[in-house]
Amino acid sequence: MSLALAPLDVSVDVEANLSCRKFDPDLWFSDSPAELELAKSLCGDCPLRVECLAGAVERAEPWGVWGGEIFERGAVVPRKRPRGRPRKEDLARDAALRVEAEARLAASGLSESRPTVRLAA
């Protein structure tokens, strides 16, 4: 059975207090790294976060924030970098954030059951 099509928990009111339903949808698909970080933070307390992330991983979403993670070209990225050449300290921070993103995916049970989950380098 597909996780993306799995029935929702009946105790969760889909319309109740979901940030993605209350705020501008463009926030979750912004080009601005700061706006994407805001969207990630708004996903933090969502009761459907795990289901949203599982569905996005299964569909290999091409871009946007899904389940509190940023997707780019079908892979989870720790953060969206601004245009231009990254600084050396940014590369080091990206490596640390990549490890953190892997840990979050493992904690939600997605990386173990889905060996096809890709984290962008």
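The structure presented is a predicted model; accordingly, all values stated were derived computationally and were not measured.

> I'm lost on the packing of aromatic side chains in this one. Help?
In this description, an aromatic ring pair is defined by two values, namely the gap between the centres and the angle between the planes. Counted under the stated rule, the structure contains two aromatic pairs. Ring geometry for Phe29 versus Trp66: centroids 5.9 Å apart, planes at 75°, classification edge-to-face. Here Trp66 lies in strand E1 (residues 63-66) and Phe29 lies in the loop between helix H1 (19-22) and helix H2 (33-42), a separation of 37 residues in the sequence. The exposure class of Phe29 is partly exposed, given its relative accessible area of 29%. Connected via pairs of aromatic rings, a cluster forms that spans Phe29, Trp63 and Trp66.

> Any chance you could explain the environment of Glu35 here in plain terms?
Tracing the backbone through its elements, the reader meets Glu35 in helix H2. Accessibility expressed as a relative area gives 38% for Glu35, which makes it partly exposed. A polar atom in the side chain of Glu35 sits 2.6 Å from the side chain of Ser30.

> Before we go on, may I ask you to explain a negative patch on the surface in this structure?
A cluster of acidic residues, Asp24, Asp26, Asp31 and Glu35, forms a negative patch on the protein surface. Summarising the element assignment, Asp26 is placed in the loop between H1 and H2. Relative accessible area serves as the criterion here: at 55%, Asp26 is assigned to the exposed category.

> Looking at this structure, how should I read the UniProt feature "binding site: [4Fe-4S] cluster" (unreviewed entry) in the chain?
Under the present numbering, the feature "binding site: [4Fe-4S] cluster" (unreviewed entry) in UniProt falls on Cys20, Cys43, Cys46 and Cys52. In summary, the annotated positions, though distributed over 33 residues, converge in three dimensions, the widest C-alpha pair being only 10.9 Å. Position of Cys46 among the secondary structure elements: in the loop between H2 and helix H3 (49-59). Classification of Cys46 as partly exposed rests on a relative accessible area of 24%. Tracing the backbone shows Cys52 in helix H3.

> What's the story with the sheet that holds strand E3 (residues 75-77) in this structure? I'm lost.
For sheets, the rule is that strands pair by backbone hydrogen bonds, running either parallel or antiparallel. Taken in spatial order, the three strands make up an open sheet running E1-E2-E3, and their pairing is antiparallel. Lying at the two open borders of the sheet, with one neighbouring strand each, are E1 and E3. Along the sheet, successive strands turn relative to each other by an average axial angle of 35°, direction set aside. Both E1 and strand E2 (residues 69-72) contribute to a ladder of four bridges, which runs antiparallel. Paired with Trp66 across the strands is Glu69, a residue of E2. In the packing of H3 onto the sheet, the strands contacted are E1 and E2, and the crossing angle to E2 comes to about 15°.

> Mind showing me how you'd approach the pattern of salt bridges here?
Between side chains of opposite charge, a pair can form when the charged atoms approach closely. Under the defined criterion, the tally for this structure stands at three salt bridges. For Glu37, the salt bridge is made with Lys40, and the minimal N-O distance between the two is 3.8 Å. Here the residue Glu37 and the residue Lys40 both occupy positions in helix H2, the gap between them amounting to three residues, near one helical turn. Residue classification places Lys40 among the buried positions, given a relative accessible area of 15%. For Glu61, the salt bridge identified is with Arg59, shortest N-O distance 2.7 Å. On the basis of relative accessibility, which here comes to 43%, the residue Arg59 falls in the partly exposed class.

Calculation rules
Counting restarts for each chain: residues are numbered from 1 in the order of the written sequence. Local features in this predicted model are restricted to residues whose pLDDT is 70 or higher, and side-chain atom pairs enter the listing and the counts only when it is 80 or higher, whereas totals over whole chains, interfaces and linings include all residues. Heavy atoms from the whole structure form the basis of all side-chain values; hydrogens and water molecules are not counted. Aromatic pairing here means that ring centres of Phe, Tyr or Trp (its six-membered ring) are within 6.5 Å. Orientation follows from the plane angle: under 30 degrees is stacked, over 60 is edge-to-face, and everything else is tilted. Runs of E in the DSSP output that reach at least two residues are strands. Runs of H or I that reach at least four are helices, and both are numbered from the N terminus. Here's how the labels work: a residue is buried when its accessible area is under 20% of the maximum for its type, exposed when over 50%, partly exposed in between, all with a 1.4 Å probe on protein chains only. We call two N or O atoms a polar contact when they sit within 3.5 Å, provided that within protein one can donate a hydrogen and the other can accept it, with sequence-adjacent residues counted only if both atoms are side-chain atoms. Note that patches include only residues with greater than 30% relative accessible area and no salt bridge, and the join distances are 9 Å for like charges and 5 Å for nonpolar side chains (Val, Leu, Ile, Met, Phe, Trp, Tyr). Surface accessibility follows the Shrake-Rupley procedure with a 1.4 Å probe radius. Residue values consider only the protein chains on display as shielding. Salt bridge, as used here: a side-chain nitrogen of Lys or Arg that lies within 4 Å of a carboxyl oxygen of Asp or Glu. Positive charges come from Lys and Arg, negative ones from Asp and Glu, while His and the chain ends are left out of the count. In plain terms, the charge of a residue is placed at NZ if it is Lys, CZ if Arg, CG if Asp and CD if Glu. UniProt positions are given in the numbering used here, feature names are shortened, and annotations may be inferred rather than shown by experiment. Strand pairing follows a simple DSSP-based rule, namely that at least 2 bridges must link the two strands. Working convention: axes come from line fits to C-alpha atoms, limited for helices to the stretch in contact. Angles between N-to-C directions cover 0 to 180 degrees. What makes two residues a contact is simply this: any of their non-hydrogen atoms within 4.5 Å.

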